[in-house]
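Report on the structure
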Amino acid sequence: MLEVAGLTTTYEGLVAISDVSLKVGKGEIVTVAGANGAGKSTLLKTIAGMEQRQSGSIHFEGERIDGVQPHLITARGIAFVPENRRLFPRLSVRDNLRLGSFLFRKRPDRDAPLDGVFSLFPVLKERLGQLAGTLSGGEQQMLAMGRALMTRPKLLMLDEPSQGIMPKLVTEMFAAIKAIRQTGVTILLVEQRLVESLEIADSAVVLQTGRIVLRGSAQEVRDHPDIRSAYLGA
Amino acid sequence: MRDVPPNPSTSLADRNLAASSSSRRRQLLVALAATALAACVPLGVSDVYAMNVMILTLMYLALSQSWNVLGGYCGQISLGHAIYFGIGAYATVIVYLKGGISPWIGMVVGGVFASWIALALGYFCFRLAGHYYTIATIVIAEAALLLVLNWEWAGAALGLQLPFGPDSWATLQFGRNKLPYFYFVLALSLLTWLIAWWIEGARWGYWWRAVKDDAEAAASLGVSIFDSKMAASAISAFFTAVAGGFYALFVSYIDPQSVFGFQISLLITLPAVLGGIGTLWGPAVGAVLLIPLGELTRSYIGGSGSGTHLIVYGALIVVISLLRPEGLVSLFRSSKPARGAQA
């Protein structure tokens, strides 16, 4: 579904990711792990069209999408939930969701994902009239994901969804990601919480200073000695 | 993800995102009532000077509301809207003088032409971010002023004079009684308000506000930042030019400085800034306060030291930006739930 080949992106003259290749199959959850500054966010931003690649290519459903403008990439079915969620804090929950749905011209197309979003995140339904800026961290993350789902994506890219939310909600956040996959949405997940993300992922890549240093199935990555010592404390 | 008690009475309103239209309908009724009320004012006021001030106030209301479409809703702060105002004024006069074509058509011609100019300028300028865009608009408007100052065919620095004709709605010429101008510009004010009202509820309006608040987040939801700015710019320029055409007919004499000058750009921008940028009522509140105040200071103190009214404007803006950066309209809003909160 998504095929990244030899991708290099520089950011203000510094190489942020270098020669990254990655495949995401339909219906999979692929997680990208790595320390701060390893280039995880840059990888997602480049796929979303918000950073320009230096070299390499990105194909989505067989079509080349590198160099395509961000809003057109969304229209092709890639939704991106950026780090820190980037909600519109002065708009209501309802209006934030609407902004996702406006990709479609017809009312039924706009409202179609709503039942799914509400069954995933029932709290959003209660908060429809509330300003997005007044939500808790966890609720904001749910809204950001709900808003992205309103664009009816085929591929959902999440950048650090567990960041800034209460620890006890983290498990539920990962359960929600799993539930989204069950509805047929492919997921590319950037996460620092390696343990939890490997539990729901099919495969994983590990980035280190912009390069992929390890890749494999979730099981293989989990069992890799370096990972065990570096992340899992074993 | 929190446990929510099952709610069997899921209303239809929860199954789609259409916002409640009751508050929007209320706004519309208030605007229509205000217009009707304003339409009655001339019945009690016959003073020529007061009539002039009212007409100018309504004109700047319409202008500032047009500016608000781009500056307020889409967040692109232009300080060069005089270019569109001047284009509208010159187009209307030139089309009438040189082609004998009705000023009604002239105003539309001016509007369409201004929109094209706005799109051409936007094509280059919307690649500039924030303050650079604002600076570019000032420079471009000043360049337009210099061009027209040296344009012999259009009267150069001397400007253009409309011939005196009989009073007529067909040519929009009313020499003695200015009352028809009042109703024309009142209708134009209402029209620009309706445009802003429509934008607030439309898909494009949501996009523009999203572009203003967080362009990158907007793009990630499928919003074209560039197209949004271009569309807002074209609509804003159109109505600014129509008001420019009106101004030319109202004063029946235009010269480059009086329609392309920087003070016009300021007067277009200030009411919205004073009243509240990106609000439905900001430009109206701002214009009703600012323009009469400016006219009064100009006529009573301004005789000896011209420019006193500019000091008043400047002082007001400083006070507002220090005490109420969101504009005067925000004074009324504090008691009500914020926009969009009415579920």
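Before reading on, note that the structure itself is shown above.
These lines cover the structure that appears in this document, whether it is placed above or below.

Cut-offs and rules
- Residues numbered from 1 in each chain as written.
- Chains lettered and ligands numbered in written order.
- Predicted model: local features only at pLDDT ≥ 70, side-chain atom pairs only at ≥ 80, totals over all residues.
- Heavy atoms only, no water.
- Helix = DSSP H or I, 4+ residues; strand = E, 2+ residues; numbered from the N terminus.
- Rg over C-alpha atoms; globule rule 2.2 N^0.38 Å.
- Buried < 20%, exposed > 50% of the residue type's maximum accessible area, 1.4 Å probe, protein only.
- Contact = heavy atoms within 4.5 Å.
- Areas by Shrake-Rupley, 256 points an atom, 1.4 Å probe, with all protein chains shown as cover.
- Pairing = 2+ DSSP bridges.
- Axes fitted to C-alpha atoms, helices over the stretch in contact; angles between N-to-C directions.
- 1 Å grid on protein atoms, 1.4 Å probe; cavity = no way out; pocket = protein on both sides within 12 Å on 5 of 7 lines; lining within 4 Å.
- Points joined across faces, edges and corners; volume = space filled by probe spheres on them.

Of regular secondary structure, chain A possesses eleven helices and ten strands. For 234 residues, the compact-globule estimate of 2.2 N^0.38 gives 17 Å, and the C-alpha radius of gyration of chain A, at 17 Å, lies within 12% of that figure. Overall, chain A is about 50 × 40 × 30 Å in size when its C-alpha atoms are taken along their principal axes. By the burial criterion, 56% of the 234 residues in chain A qualify as buried. When contacts within chain A are restricted to residue pairs at least 6 apart in sequence, long-range pairs at least 24 apart make up 65% of them. When the accessible area of chain A is evaluated, it comes to approximately 9600 Å², of which 47% is carbon and sulfur surface.

All names here are of chain A. Along helix α1 (residues 40–48), seven of the nine residues are buried, which leaves the element largely enclosed by surrounding structure. Within α1, burial applies to Lys40, Thr42, Leu43, Leu44, Thr46, Ile47 and Ala48. Positive backbone phi, approximately 90°, marks Gly49, located one or two places after α1.

Our focus in this paragraph is the environment of A:Val93. Residues and elements named next belong to chain A. Following the sequence through the fold, Val93 ends up in helix α3 (residues 93–101). A sequence separation of 47 residues divides Val93 from Gln140, and the C-alpha atoms of the two residues are 9.1 Å apart. Apart from the residues lying within four places of it in its own chain, the contact partners of Val93 are Leu124, Arg127, Leu128, Gln130, Ala132, Leu135 and Leu143.

In this section: the sheet that holds strand β6 (residues 78–81) of chain A. Residue and element names in this part refer to chain A. Sheet architecture is open: six strands sit in the order β6-β7-β8-β3-β9-β10, paired in mixed fashion. The open sheet has two free edges, formed respectively by β6 and β10 (211–217), since each of these has just one partner strand. In this sheet, adjacent strand axes meet at a mean angle of 15° when their direction is disregarded. As paired strands, strand β3 (residues 29–34) and strand β9 (residues 203–208) are joined by five bridges and run parallel to one another. Looking across to β9, one finds that Val32 is bridged to Val205.

Attention now goes to empty space enclosed by the protein. Residues and elements named next belong to chain B. Going through the model one piece at a time under the given rule, you end up with three cavities of 30 Å³ or more. Of the pockets and cavities examined, the largest cavity occupies roughly 100 Å³. Tyr84, Leu121, Tyr133, Thr137 and Ile140 are, among the 13 residues lining the largest cavity, the residues nearest its centre. Those elements giving two or more residues to the lining of the largest cavity turn out to be α3 (82–99), α4 (103–125) and α5 (130–149). The leading source of residues in the lining of the largest cavity is α4, at four residues.

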